[in-house]
Structure formats: structure tokens, C-alpha cells
Amino acid sequence: MTFFDHTETSVSREEEQGQTLLRQALVRRRAGLAERLRQAGVQKSVLLFAGHAPSRNYPDNVYEFRASSHFLYFAGLPIEGAALLLEGARATLFVKRPTEADALWHGEAASPDALKAQTAVDSVRFLDELEAAVRAAGAPIEVPFSQKARSAALSAEEQAVADSVIALRLVQDEHAVWELRRAASVTVRAHQAGMAATSKGTRISVVRAAMEREILAANFQNAYGSIVTTHGEVLHTHDRSGICGAQDLLLADVGAETDLGFAADVTRTWPVSGRFSPSQRTLYDLVLSAQQAAIAKVAPGVRYRDVHFAACRVLLAGLKDVGLFVGEIDGLLERGAHALFFPHGIGHLFGLDVHDMEDLGDRAGYAPGRTRSEQFGLCYLRLDRDLAPGNAVTIEPGLYFVPAILNSERLLAPFRADVRPDRLAAFSDVRGIRIEDDVLVTKTGCEVLTRGLGKTAAEVEAMVGAASSAS
Ligand code: GLY
Ligand code: MN
Ligand code: MN
């Protein structure tokens, strides 16, 4: 006898469209992997694990579950503990056999039939049957490879699997783009809410909460630990203490991840007062010009490192205009002088991971035959491939006054004749500025997925404090 059926839900037309795209994509992704492995002469099957939620101080107190991205790519749904066995194009999903206790503590599990329909696999079985299935399939290649991949210790067959997965995931398919748009749209709202919530004396944690509220309200989660700070020069700070000072710039690098795991990664920098000071405005406009120059370059066939250099060139020219550098731009660019103020790369791949596939080290980010530079700044460039339609990349130049760089004898020594430290005081109300958008490479150029979020100085100023002035 059934007392209540809590499983019945109404599905909007948009959700239905997303589910259809997912099923179609999963079938194509799995067939694509099978075909690539066949071409590479790999006979073995592939076993992907979703993973488990990590626990805190004791096993029952768990953090929110986040499935392995490789599993999500081929299985579609974040099913804790699940495994996906791929034997050629045949897919079997293994899920936990639900117990009475599971139903009591965690609710009814989706039925095998429902999971089969959602993920378009050939069959759904229980995990207690996995061992026998694996034995029957021979010794499958297990994914994720994690540490092994980063240390380049993969067997030839594992390398073939890794390279096939990379080739597939590098090109965001229709379903992935659908999800990236969903992540982008919620992230745009989060930044608008953050700007609206900002005013002199507001706690930084309150601004961060206003941003993350939008993400949670959409039933998404953060794609990475939010960076909301008046110390933009600390590149990945997660400190949320402190208040917004009247003269401060607030840098917010916050992105949503959809319920199916696809990320957005966006940064805006805004003046707490709602008005950039003249010095802040000069450097803000310079970062924006660099970002626009880099985005204008994004197109199929373009080497991503050249997109990086396009931004560096604009930054160097601007820094020379304001007297921070003397000398000739080409030489400064070649020697990496810009890294004194722009020490990181122009961006990275994003998709199911915010830094997509970095669990595989530089195998995903760097084309075969290319390796990281050892030059300061360029060594942090995470991507050096020729761009192709379907690639999703961030474009995120910045300018920072980092004490650890500007007080470093070692880093400054090669540039003593080029840099003018006496000009630094003119920018004492700037610590760090970054502008980051999410860009999809198209057949003819690119599309900025996060274009809904204004970024000119005037647009940003108009959004700051809108919550208090509207009330
Ligand atoms: N959110 C980290 C980054 O921009 O790469
Ligand atoms: Mn970011
Ligand atoms: Mn980024």
C-alpha cells in the first residue's frame, strides 16, 4: 500500500528541454568515447566512480556531495557512490541498493527505471553486483585517475582514456552549453546582488551572503570558494572578515555551479562609494581595455597564449602612460615586465570544473608538445592550446599592487631600469582590480556568456548600493 507519493513533481518546459538535451548528450558522449578508444586500440572497458561526500569530524556529518566531473560528464546525474561501467558503447549504471534506513534518513531513492530513463543507460543495477560485473568485463580502466595523472604516471591505456576524455570535454556540447548558460545567468544575478548590497560600513560577509543567496536560491551551489575582498591583491583570499571602507574597491570573484555540476567563474571590482576615484578609474579602465582586447582576439585557431599577450600588451602600454614603466613595449612584454602588476594568466578552461580538467594536470590545458614557461607570471598560464569552437574559457586580466612582488629584490632586479616605484604612491587607493567573464568560442569568433553583467565604470557605479538607494 502506498500512503504518500513524494516523488511526483511537475516539470517545466525548460526543465524538460534540459532533460532531453542531457539524454541525447550522454548517448553521444559515451559513443564518442567508445569510438576514440576503438581508434586508439584500447580493448578494455572503462569504470567511472561518482565518489562520496567527504565527512567532517565524524562519518555522519558530511559536506554537500559533489560527484566527480568525469562521472557527471558520462552519467549526467550526481548520484552518490554510483559507478558507471562502459563496455564499448554499452553503459551500465550501478547504484546503492536502498535500505530501510536509507529511506528513513535520506528519503526514497529514485527507482532504477527512473534512473535508466534519465541517464539513457542500457541498464541500472545495484552496486553489490559491481564486483562480479567488473570481473566479467576484464580489468576496466578506472576513472578518475587524480594524483596519478598529475604525476604523469599513467599507463599507455590510461593515457588513451585521459586523452579521449579531454578531447570530448574540451568541446562543450549542446547540453553543456545549456548548463553553462544556466550557471552564467545565476552568477550574473549574484554579482548584481553583491553590488546592490554594498555601501560604506557594510560587512564584507554581508556582501558575500547577498551574492551566495542568489546561488542557493536557484538551488545551485558555489563552483568554488567565493573571493569577496577589499584586498584584491591577495589573489585567492577567502577571508570574509572586515568591512567595506568608503575609499575601498571591493573585488568579488564568485561563480555558481548548476545542479548538474557546470560552472561559471566571474569577477567584478567595484567602488564601495559607488564612484571610482580618478586613480581607481584610470586603472579600472585600463583593465577593462585589456579584457576587451583579449576577448576581441578569441576565435578558432588563435593560440590562447596570444590572447594572454594581447591583454599584457594593453596593460603595459597603459602602465607606461601613467608613468609606472618606461621603455619600449615589445621588450617589456618579452621579458615579462607586466607580471609585476599582472602576475597570473589571462584565464583557463571552465566547464564541469571551474578550472576544467585540472585534475589531469597540464594534460588538458597544454597542447601536446607545449609546456609551461618558467618566466614569472607566464608560469601561471593554465591554458596554451589553439582555440576551437566549443571551447569555454575565462578572460580575466587584472592589475594588482602586491607587496610580496613589489618588495621582492629578486623579482624587481631584472626591471630596475624599467619600473618607476616613485609613481606607486599615485595609486595608493588601488590594491587589486580584476574583471573576469566566461567566453564560449564559436565557429566565427566568440560569445561572452556572462555579458548580461555590466562592466564599464559607469555601469558598475550605477549598480553599487542600488539596494539602499531603492529602499
Ligand atoms: N575563481 C578562480 C579563478 O578565477 O580562476
Ligand atoms: Mn574567478
Ligand atoms: Mn577564473
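First, a word on scope: everything that follows refers to the structure included in this document. (Residues numbered from 1 in each chain as written. Chains lettered and ligands numbered in written order. Predicted model: local features only at pLDDT ≥ 70, side-chain atom pairs only at ≥ 80, totals over all residues. Heavy atoms only, no water.)

## Description of the nonpolar core
Item 1. In this structure, Leu-84, Leu-93, Phe-341 and Ile-395 are the most contacted members of the largest nonpolar core, which totals 132 residues.
Item 2. Dropping the residues within four chain positions of it, Leu-84 is found in contact with Arg-30, Val-46, Leu-47, Leu-48, Phe-71, Phe-74, Ala-75, Ala-91, Thr-92, Leu-93 and Val-121. (Core = buried A, V, L, I, M, F, W, Y, C linked by side-chain atoms within 4.5 Å. Buried < 20%, exposed > 50% of the residue type's maximum accessible area, 1.4 Å probe, protein only. Contact = heavy atoms within 4.5 Å.)

## Some words on the site of ligand 1
Item 1. Neighbouring ligand 1 are the residues Tyr-224, His-236, Asp-253, Asp-265, His-348, His-355, Glu-396 and Glu-436.
Item 2. Side-chain polar atom of Asp-253 to a nitrogen atom of ligand 1: 3.1 Å apart, as the coordinates give it.
Item 3. Within the contact set of ligand 1, a nitrogen atom lies 3.1 Å away from a side-chain nitrogen or oxygen of Asp-265.
Item 4. Summarising the interface, the protein chains cover 92% of the accessible area of ligand 1, which totals 190 Å² for the free molecule.
Item 5. The site holding ligand 1 turns out to be the second largest pocket.
Item 6. Partitioning the shell around ligand 1 into residue classes produces one nonpolar, three polar and four charged. (Near = heavy atom within 4 Å. Polar contact = N/O pair within 3.5 Å; in protein donor to acceptor, adjacent residues only side chain to side chain. Areas by Shrake-Rupley, 256 points an atom, 1.4 Å probe, with all protein chains shown as cover. 1 Å grid on protein atoms, 1.4 Å probe; cavity = no way out; pocket = protein on both sides within 12 Å on 5 of 7 lines; lining within 4 Å. Sits in = over half its atoms within 2 Å of the grid points. Nonpolar A, V, L, I, M, F, W, Y, C, P; charged D, E, K, R; others polar.)

## Looking at the packing of helix H10 (residues 278-297) against helix H11 (residues 304-321)
Angle between the axes and distance between the axes: these two values describe a pair of packed helices.
Item 1. As a packed pair, H10 and H11 sit with axes 8 Å apart at the nearest point and diverge in direction by 150°. Judged on the interaxial angle alone, H11 and H10 are roughly antiparallel. The hand of the H10/H11 crossing is right-handed. Mapping the contact onto sequence places Leu-286, Val-287, Ser-289, Ala-290, Ala-293, Ala-294 and Lys-297 in H10 and Asp-306, Val-307, Ala-310, Ala-311, Val-314, Leu-315, Gly-318 and Leu-319 in H11.
Item 2. Grouping the amino acids of the contact of H10 with H11 by side-chain chemistry returns eleven nonpolar, two polar and two charged. (Axes fitted to C-alpha atoms, helices over the stretch in contact; angles between N-to-C directions. Helix = DSSP H or I, 4+ residues; strand = E, 2+ residues; numbered from the N terminus. Parallel < 35°, antiparallel > 145°, perpendicular 65-115°, else oblique. Left-handed = near helix turned anticlockwise from the far one by under 90°.)

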